[in-house]
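Listed here are the chains, written in short residue letters.
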Amino acid sequence: MTNTLIQKTKDFVQLKLKEAEAGHDWFHVERVWKNARLILEKETADTTIVELAALLHDIADSKFHGGDEELGPQIARSFLHTLQVENEMITHVCNIIKNMSFKAGLGKIDFWSKELAIVQDADRLDAIGAIGIARAFNYGGYKNRSIYDPAIKPKENQSKEEYKNTTAPTINHFYEKLLLLKGKMNTETGKRLAETRHQYMEDFLLQFFNEWEGKK
């Protein structure tokens, strides 16, 4: 039953996100799901809840839906009801979706579980490293943002509203979010995997600024 549930969820998400922006499409979800399964090899949690939440976490990302943070959990809840998933599990999955994002962490968090910790780490791993860099610039291009502007400095300790409404250059996003994620990993496996990806971003930024200044 579990394998059928996961497969039906994969099929639903793949269809739902077929026109999504490339950094938040089915391939992003698939990578997060794979990351979650990798973390589960070393961590103890409810596997079904972790896999469902990983697969459904971006079913309706609020930044592509007018800032509506309730739509994603609502779609996930309705879909899981059609598969006759028990209410307790549905509520847990929806709470993970609602509370796992970096943006959500800038506001009030009133829910936590080991399953959330794993899915959050899995998602954060896809936001850093080589793929994280590619996703950042893809989204920056999607929003027609500049790559870098020396006159616009990164803003530290942003509020949730400031983060949601930023139009800053893509390079600023590294300092406002991506470079912070290594220190926010929850699981030992997540922390270990984040090390290499974080260093890759540091090396990229060093090369970027050297090239920007015409040094090499």
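To start, this report covers the structure provided alongside it. (Residues numbered from 1 in each chain as written. Predicted model: local features only at pLDDT ≥ 70, side-chain atom pairs only at ≥ 80, totals over all residues. Heavy atoms only, no water.)

Counting across every chain of the model gives 11 salt bridges. Shared partners join several salt bridges into a network, and the residues in it are Glu69, Lys160, Glu161 and Lys164. (Salt bridge = Lys/Arg side-chain N within 4 Å of Asp/Glu carboxyl O.)

Now for helix H2 (residues 26-40). Along its 15 residues, H2 runs 21 Å from first to last C-alpha, staying within 8% of the 21 Å computed at 1.5 Å per residue. Within H2 the residues assigned to the buried category are Trp26, His28, Val29, Val32, Trp33, Asn35, Ala36, Ile39 and Leu40. Looking at the buried positions of H2, the neighbouring elements they touch are helix H1 (2-16), helix H3 (47-56), helix H6 (114-125), helix H7 (129-142) and helix H10 (188-212). One side-chain oxygen at the N-terminal end of H2 lies 3.2 Å from the backbone nitrogen of Phe27; it belongs to Asp25. (Helix = DSSP H or I, 4+ residues; strand = E, 2+ residues; numbered from the N terminus. Expected span 1.5 Å × (residues − 1). Buried < 20%, exposed > 50% of the residue type's maximum accessible area, 1.4 Å probe, protein only. Contact = heavy atoms within 4.5 Å. Polar contact = N/O pair within 3.5 Å; in protein donor to acceptor, adjacent residues only side chain to side chain.)

Right, let's get into the layout of surface pockets. For the largest pocket, the calculated volume is near 1,000 Å³. Lining the largest pocket are 43 residues, with Asp61, Lys63, Lys103, Tyr163 and Lys177 sitting closest to its centre. Of all the secondary structure elements, the ones that give two or more residues to the lining of the largest pocket are helix H4 (71-82), helix H5 (87-99), H6, H7, helix H8 (160-165) and helix H9 (170-176). The residue inventory of the lining of the largest pocket, partitioned by class, reads 14 nonpolar, 14 polar and 15 charged. Roughly 280 Å³ of volume is contained in the second largest pocket. Secondary-structure elements contributing two or more residues to the lining of the second largest pocket are H6 and H9. Top contributing element to the lining of the second largest pocket by residue count: H6, with three residues. Its residues assigned to classes, the lining of the second largest pocket shows seven nonpolar, six polar and five charged. (1 Å grid on protein atoms, 1.4 Å probe; cavity = no way out; pocket = protein on both sides within 12 Å on 5 of 7 lines; lining within 4 Å. Points joined across faces, edges and corners; volume = space filled by probe spheres on them. Nonpolar A, V, L, I, M, F, W, Y, C, P; charged D, E, K, R; others polar.)

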